[in-house]
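Overview (structure and organization)
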Amino acid sequence: MTTSSTPGLARFNTLAADEATAALHEVCASATWGSSVLAHRPYADTEALFSASDAAMAELSPADLAEAMAGHPPIGRPKPGDPASAREQRGMAGASEELRAEMLELNLTYQERFGHVFLICATGATGEQMRDAVKARTGNSPEQEREIVRTELGKINRIRLTRLVQDS
């Protein structure tokens, strides 16, 4: 990843606060995360933006994490009209009906155990890799899973921030 300033980053740095807030909400549904990232503008380079994002993610409370997770659809069922979740879950696009049915069942089991959707940085992952991850993570304690989710959200945020500040 580049650590230089880009025209997209310069554009983000100069957006009106309400426009920047809306753009950040598309990256992460946590208002606390968005406020923290917004408060540190302007960013000299993308690495400074990533560092602010990571620091904000590390500080999120369990309620803030729940708010962030609420912005993510279950694996295998991207929100209609949401190109980000469809793009990120591309690994499930060619999955067999059998694998889709298994993921639905695993998602429900996970959600019953933890009270939220299974969240993974799905970009570049195959349907089988996502299935194996949900199977493995369902055995975690709620505390372990919360920290894994925090890490996965951080990865997703970096990918989405990169898209936000790409050169057009």
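My aim in this report is to walk through the structure given alongside it, one point at a time. (Residues numbered from 1 in each chain as written. Predicted model: local features only at pLDDT ≥ 70, side-chain atom pairs only at ≥ 80, totals over all residues. Heavy atoms only, no water.)

**Thoughts on the packing of aromatic side chains**
What counts here: Stacked, edge-to-face and tilted are the three classes for Phe, Tyr and Trp ring pairs, Trp counted by its six-membered ring, which pair at centre distances within 6.5 Å; planes under 30 degrees apart are stacked, over 60 edge-to-face, the rest tilted. Going along the chain from the N terminus, every DSSP run of H or I of four or more residues is numbered as a helix, and every run of E of two or more is numbered as a strand. When a residue's accessible area, from a 1.4 Å probe over protein chains only, is under 20% of the maximum for its type it is buried; when over 50% it is exposed; and in between it is partly exposed. For a ring to carry a charge above it, either NZ of a lysine or CZ of an arginine must fall within 6 Å of the ring centroid while also lying within 35 degrees of the normal to the ring plane.
Taken as a whole, this structure holds two aromatic pairs when the rule is applied. Between the aromatic rings of Y110 and F114, the centroid separation amounts to 4.7 Å while the plane-to-plane angle is 45°, which identifies the pairing as tilted. With Y110 and F114 both in helix α7 (residues 97-114) and four residues apart, the pair spans about one turn of that helix. When the ring of Y110 is compared with that of F118, the centres are 5.2 Å apart and the planes differ by 80°; the resulting orientation is edge-to-face. Here F118 falls in the buried class, since its relative accessible area comes to 2%. Among the aromatic residues, those joined into a cluster by ring pairs are Y110, F114 and F118. Note that R41 overlies the ring of F12, its terminal NZ or CZ placed 5.6 Å from the centroid.

**A few points about the side chain of N157**
Examined against the element boundaries, N157 turns out to sit in helix α9 (residues 142-165). Residue class for N157 comes out buried when judged on its relative accessible area of 0%.

**Quick word on the nonpolar core**
Definition in use: Side-chain atoms within 4.5 Å are what join buried Ala, Val, Leu, Ile, Met, Phe, Trp, Tyr and Cys residues into a set we call a nonpolar core. Whether two residues are in contact is decided by their heavy atoms, any of which lying within 4.5 Å being enough.
Ranked by size, the top nonpolar core spans 41 residues in total, and within it F12, W33, L49, I75, M103, M130 and L153 carry the most contacts. Among the secondary structure elements, those contributing two or more residues to this core are α1 (7-14), α2 (17-27), α3 (31-39), α4 (46-58), α5 (62-69), α7, α8 (127-137) and α9. Once you skip the residues sitting within four places of it in the chain, M130 turns out to touch I75, G91, M92, M103, F118, I120, A122 and A125.

**Quick look at α3**
Because each turn of an α-helix spans 3.6 residues, side chains separated by three or four positions in sequence point in the same direction. This is how it is decided: Comment: arc refers to directions from the helix axis out to C-beta atoms.
For α3, the set of buried residues is W33, G34, V37 and L38. For α3, the arc enclosing every buried residue in end-on projection is 130°, short of the 170-degree limit, so these residues lie on one face. Of the surrounding elements, those touching the buried residues of α3 are α2, α4 and α9.

**Observations concerning the state of the cysteines**
Note the cut-off: Any two cysteine sulfur atoms lying within 2.5 Å of each other are counted as a disulfide.
A complete count under the given rule lists zero disulfides for this structure. Its sulfur unpaired, C28 is 13 Å from the next cysteine sulfur, which belongs to C121. Judged by relative accessible area, C28 falls into the buried class, the value being 2%.

**Brief notes about the environment of T138**
What counts, and what does not: Counting of polar contacts relies on pairs of N or O atoms within 3.5 Å, with two restrictions inside protein: one atom must be capable of donating a hydrogen and the other of accepting it, and residues adjacent in sequence are counted only when both atoms are side-chain atoms.
Along the chain, T138 turns up in the loop between α8 and α9. With 27 residues separating them in the primary sequence, T138 and Q111 have C-alpha atoms 9.2 Å apart. Non-local contacts of T138, meaning those with residues more than four positions away in its chain, are made with T109, Y110, R113 and F114. Engagement of the side chain of T138 in a polar contact is seen with the backbone oxygen of V134, the distance being 2.6 Å.

**Things to note about the packing of α7 against α8**
To keep things clear, this is the line we draw: Here the axes come from fitting lines to C-alpha atoms, over the contacting stretch only for helices, and the angles between their N-to-C directions go from 0 to 180 degrees. In this scheme, roughly parallel covers angles under 35 degrees and roughly antiparallel covers those over 145, while 65 to 115 is roughly perpendicular and the rest are oblique. Handedness of a helix crossing follows the sense of rotation of the near helix relative to the far helix, less than a right angle counterclockwise being left-handed and clockwise being right-handed. For this classification, the nonpolar set comprises Ala, Val, Leu, Ile, Met, Phe, Trp, Tyr, Cys and Pro, the charged set comprises Asp, Glu, Lys and Arg, and every other residue, Gly included, is treated as polar.
Relative orientation of the contacting elements α7 and α8 amounts to 30°, with a least axis distance of 10 Å. One way to sum up the angle between α7 and α8 is to call them roughly parallel. Considering the relative orientation of α7 and α8, their crossing is left-handed. Contacts between α7 and α8 involve L99, E102, M103, L106, Y110 and F114 from the former and G127, E128, M130, R131, V134, K135 and R137 from the latter. For the contact of α7 with α8, the class distribution of residues is seven nonpolar, one polar and five charged.

Fair warning: the whole summary comes from geometry, so function is off the table for now.
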